[in-house]
Amino acid sequence: MRFTFIKIPRHRRFQYDPIYYNPEKEKQKERERRIRQEMGMPVEEEEDGRAYAERIRGGMRRRIKSHFEVTRSERKKSNLRLIIILILLIALFYYLLNSAYDWYEKFLM
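Draft legend 1. Geometry of the overall build of the chain. Scanning the chain from N- to C-terminus turns up two helices and zero strands. Across the 109 residues that make up the chain, the buried fraction comes to 4%. In the form shown here, the chain has an accessible surface area of approximately 11,900 Å², with 60% of it arising from carbon and sulfur atoms.

So, in structure tokens, the structure goes:
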């Protein structure tokens, strides 16, 4: 039997069951659903749940879009602040450099 002072954890296994996704089949089902709606035929229950998922997805897209629009305006404000700070720093640097030159001329020349 082996004794250790430090216990090293075993690696964790990730159990992933791949799901096959066929975009062509999804497009075909969507076309069939739209045609049934246009013709006035009843839509299957399973597809009705899909409409709910589409509404959720659309809501998320709107929220994400509005989030990025807010971020753009904040970015513009931030850039403006950065420019103002840089101008102030350059003015301060110029003032210090000019006063140091005056001091150098007064005492060393």
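Draft legend 2. The arrangement of the pattern of salt bridges in detail. Applying the stated rule across the entire model yields two salt bridges. A salt bridge links Arg33 to Glu30, with the shortest nitrogen-to-oxygen separation between them at 2.6 Å. One end of the pair is Arg33 and the other is Glu30, both in helix H1 (residues 23–39) and three residues apart, which spans about a single turn. Glu30 is the salt-bridge partner of Arg34, the closest N and O atoms lying 3.9 Å from each other. Highlighted residues: Arg34 and Glu30, both in helix H1, separated by four residues, approximately one helical turn. Looking at Glu30, the relative accessible area reads 26%, which means it is partly exposed. Put simply, Glu30, Arg33 and Arg34 are held in one network by salt bridges that share partners.

About the cut-offs
Residues numbered from 1 in each chain as written. Predicted model: local features only at pLDDT ≥ 70, side-chain atom pairs only at ≥ 80, totals over all residues. Heavy atoms only, no water. Helix = DSSP H or I, 4+ residues; strand = E, 2+ residues; numbered from the N terminus. Buried < 20%, exposed > 50% of the residue type's maximum accessible area, 1.4 Å probe, protein only. Areas by Shrake-Rupley, 256 points an atom, 1.4 Å probe, with all protein chains shown as cover. Salt bridge = Lys/Arg side-chain N within 4 Å of Asp/Glu carboxyl O.

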